[in-house]
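Take a look at the letters that make up each chain.
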Amino acid sequence: MTTPTTRTPRFDRGRWAQGGPETVHPGVHRVPLPLPEDGLRAVNVYALEGLTDGLVLVDGGWSIPESRKALEDALAELGHDLGEISHILVTHIHRDHYTQAVELRRLLGSRVYLGAGERRGLELLGELRTDEPVGSLATLRRAGAHDLVERLTAMYRGDFDATVWEAPDRWLRAEELRFGDTRLTVIPTPGHTQGHVVYLDRARGLLFSGDHVLPHITPSIGFELGGPALPLGDYLDSLHLMTTLADARLLPAHGPVGDSVHARVGELLTHHDDRLAETLAALGDRTRTAHEVAGELGWTRRKVAFEELGAFDQMLAVNETAAHLDVLVARGQARCTEAGGVNRYAAAGV
């Protein structure tokens with residue numbers, strides 16, 4: 001949501017991230033858009049055509065000139081232009097999904113939709129007026145990572161650009177949207193953010209999953225302002241919710257399209273079960289902060305050591321570790337004590 005915007009966009013890593021539209025279903029096209037070099041390669045937006053009142057986009061992209069040009073070129077290849085975009089259905093408030101939706105509304109008059117659970121985060125952006133990841137820095141302080149807080153604070157010094165943050169035209173709850181003959185079910189899926197939603201096209205068996213279900217990575221948890229007390233618990237509940245629905249093709253915001261939402265959700269649930277076990281094992285018989293525990297775990301699929309990560313990724317790692325520790329506490333497998341604003345954890349019975 002708040003990574004710096006001064007880096008040169010990259011659009012050349014991974015075949016799924018290469019420019020140009022991919023038709024994933026008749027009338028449904030995946031369009032990867034470039035990002036400032038933040039490690040995610042690109043963000044997928046989906047263009048839905050054949051509707052009665054223009055094109056509908058799922059997610060908007062990051063508001064940078066390269067992204068708008070890539071979107072314009074992709075639509076032209078499909079025989080459309082930007083002026084046909086009538087509605088933009090955003091999955092969550094993070095910058096790579098929301099800010100270009102705001103820009104396109106100003107340019108075209110498109111209507112922007114966003115989950116109601118994002119309202120407080122958007123209000124806090126207006127109140128705090130900072131690009132610092134304030135909520136994550138607060139988690140770092142509770143984790144005892146004060147040196148890391150200082151490094152990150154120095155990275156984010158600069159003027160806050162309030163122009164990219166505006167309220168949507170409509171706040172969404174669990175409901176059904178109709179665009180001509182197309183019906184999309186809005187499903188709240190808190191975890192990555194409080195107001196994250198996915199859009200299910202039951203008739204065509206498609207799930208526009210945003211960052212909730214990703215094919216190659218797990219999303220950061222609770223990376224937002226004013227986050228909930230147990231974001232990982234919310235995320236796991238939201239994953240289980242997916243298994244109660246009919247299976248569908250996975251149309252994610254980052255990565256290639258997948259054949260089965262259920263299959264990927266099963267992998268994600270197994271991953272978090274394994275991660276909870278690893279986190280508990282890292283506690284051992286000691287009382288430790290989330291920062292200390294994070295330093296003993298491997299990161300990414302390559303099991304990179306914590307000290308080899310950059311400052312931003314270290315922040316995400318500590319936040320994720322704290323989220324797992326808090327779930328262990330909620331399940332009675334660990335306990336937490338607070339002193340001097342720092343949380344310390346120990347295995348139950350230690």
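Please read these numbers as outputs of a predicted model, since none were measured by experiment.

Quick notes on the side chain of Ser86
Then step 1. Relative to the helices and strands, Ser86 is located in strand E6 (residues 85-89).
Then step 2. Classification of Ser86 as buried rests on a relative accessible area of 17%.
Then step 3. Within the structure, Ser86 has its side chain in polar contact with the side chain of His87 (distance 2.9 Å).
Then step 4. When residues no more than four places from it in sequence are discounted, the contact partners of Ser86 are Asp53, Gly54, Leu55, Val56, Ser110 and Arg111.

Description of the pattern of salt bridges
Then step 1. Overall, the coordinates contain 18 salt bridges when judged by the stated rule.
Then step 2. When the shortest N-O distance is used, the salt bridge between Arg105 and Glu166 registers 2.8 Å. With a gap of 61 residues between them, Arg105 in helix H2 (residues 95-108) and Glu166 in the loop between helix H5 (146-155) and strand E8 (170-172) connect regions that are remote in the sequence.
Then step 3. A residue is classified by how much of its surface remains accessible, and Arg105, at 14% relative accessible area, is buried.
Then step 4. Across the pair Glu278 and Arg275 runs a salt bridge, and its minimum N-O distance is 2.8 Å. One end of the pair is Glu278 and the other is Arg275, both in helix H7 (residues 261-283) and 3 residues apart, which spans about a single turn.

Topic: helix H6 (residues 231-243)
Then step 1. For H6, spanning 13 residues, the distance from its first C-alpha to its last is 19 Å, which sits close to the expected 18 Å at 1.5 Å a residue.
Then step 2. Residues of H6 that are buried include every one of Pro231, Leu232, Gly233, Tyr235, Leu236, Ser238, Leu239 and Met242, and no others.
Then step 3. In this structure, the buried residues of H6 make contact with strand E10 (182-188), strand E11 (197-201), strand E12 (206-210), H7 and helix H9 (311-330).

Overview of the sheet that holds strand E13 (residues 249-252)
Then step 1. Spatially, 5 strands are ordered E9-E10-E11-E12-E13 in an open sheet, and the strand pairing comes out mixed. Unpaired on one side and paired on the other, strand E9 (175-179) and E13 mark the two borders of the sheet. Between one strand axis and the next, the sheet turns through 25 degrees on average, direction left out of account.
Then step 2. For E10 and E11, the ladder comprises 4 bridges, and the chain directions are antiparallel. Within the sheet, the bridge partner assigned to Thr185 lies in E11 and is Leu200.

Details of the side chain of His97
Then step 1. Residue placement: His97 occurs in helix H2.
Then step 2. Taking relative accessible area as the criterion, His97 reaches 0% and is therefore assigned buried.
Then step 3. Contacts of His97, omitting those with residues within four sequence positions, involve Val43, Asp59, Gly60, Gly61, Val90, Thr91, His92, Asp211, Ala253 and His254.

Remarks on the environment of Asp211
Then step 1. If you trace the backbone, Asp211 turns up in the loop between E12 and H6.
Then step 2. Residue class for Asp211 comes out buried when judged on its relative accessible area of 5%.
Then step 3. In this structure, Asp211 is in contact with His92, His97, His192, His196, Pro219, Ala253 and His254, ignoring residues within four places of it in sequence.
Then step 4. Of the polar contacts made by the side chain of Asp211, one reaches the side chain of His254; its length is 3.3 Å.

Some words on the confidence of the model for the protein chain
Low pLDDT means the predicted atomic positions in that stretch should not be read closely.
Then step 1. Per-residue confidence for the protein chain averages 91 on the pLDDT scale, and 95% of its residues sit at or above 70.
Then step 2. Below a pLDDT of 50 lies the segment residues 1-13, which in the model reaches 46 contacts outside its immediate sequence neighbourhood of four places, other chains included.

Considering the nonpolar core
Then step 1. Among the nonpolar cores identified, the biggest contains 50 residues, and Leu140, Leu152, Leu239 and Met242 are the most heavily contacted of them.
Then step 2. Elements with a minimum of two residues in this core: helix H4 (134-142), H5, E11, H6, H7, helix H8 (290-294) and H9.
Then step 3. It is H9 that provides the largest number of residues to this core, a total of 10 residues.
Then step 4. Apart from residues no more than four positions distant in its own chain, Leu152 is found in contact with Leu137, Leu140, Ala311, Phe312 and Met315.
Then step 5. Grouped together as the second largest cluster of nonpolar side chains are 35 residues, Leu33, Leu57, Leu71 and Tyr98 included.

Notes on H4
Then step 1. For H4, every residue scored as buried is listed here: Ser136, Leu137, Thr139 and Leu140. Burial along H4 is one-sided: seen end-on, the buried residues are contained in an arc of 155 degrees.
Then step 2. Gly144 lies just past H4 and shows a positive phi near 80 degrees.

Quick notes on the packing of aromatic side chains
Then step 1. Under the counting rule described, the total for this entry stands at 2 aromatic pairs.
Then step 2. Ring centres of Tyr46 and Phe208 lie 5.4 Å apart, and the angle between their planes is 70 degrees; on these two criteria the pair is classed as edge-to-face. Placement of the pair is Tyr46 in strand E4 (residues 42-48) and Phe208 in strand E12, with a sequence separation of 162 residues. A single burial state applies to Tyr46 and to Phe208, both of which are buried.
Then step 3. Measuring from centroid to centroid gives 6.4 Å for Tyr98 and Trp165, while their planes differ by 15 degrees, and the two rings are stacked. Of this pair, Tyr98 sits in helix H2 while Trp165 sits in the loop between H5 and E8; the two residues are 67 residues apart in sequence, bridging distant segments of the chain. For the residue pair Tyr98 and Trp165, the accessibility class agrees, reading buried in each case.

Thresholds, definitions, all that
Residues numbered from 1 in each chain as written. Predicted model: local features only at pLDDT ≥ 70, side-chain atom pairs only at ≥ 80, totals over all residues. Heavy atoms only, no water. Helix = DSSP H or I, 4+ residues; strand = E, 2+ residues; numbered from the N terminus. Buried < 20%, exposed > 50% of the residue type's maximum accessible area, 1.4 Å probe, protein only. Polar contact = N/O pair within 3.5 Å; in protein donor to acceptor, adjacent residues only side chain to side chain. Contact = heavy atoms within 4.5 Å. Salt bridge = Lys/Arg side-chain N within 4 Å of Asp/Glu carboxyl O. Expected span 1.5 Å × (residues − 1). Pairing = 2+ DSSP bridges. Axes fitted to C-alpha atoms, helices over the stretch in contact; angles between N-to-C directions. pLDDT = per-residue confidence, 0-100. Core = buried A, V, L, I, M, F, W, Y, C linked by side-chain atoms within 4.5 Å. Arc of directions from axis to C-beta. Phe/Tyr/Trp six-rings, centres within 6.5 Å; stacked < 30°, edge-to-face > 60°.

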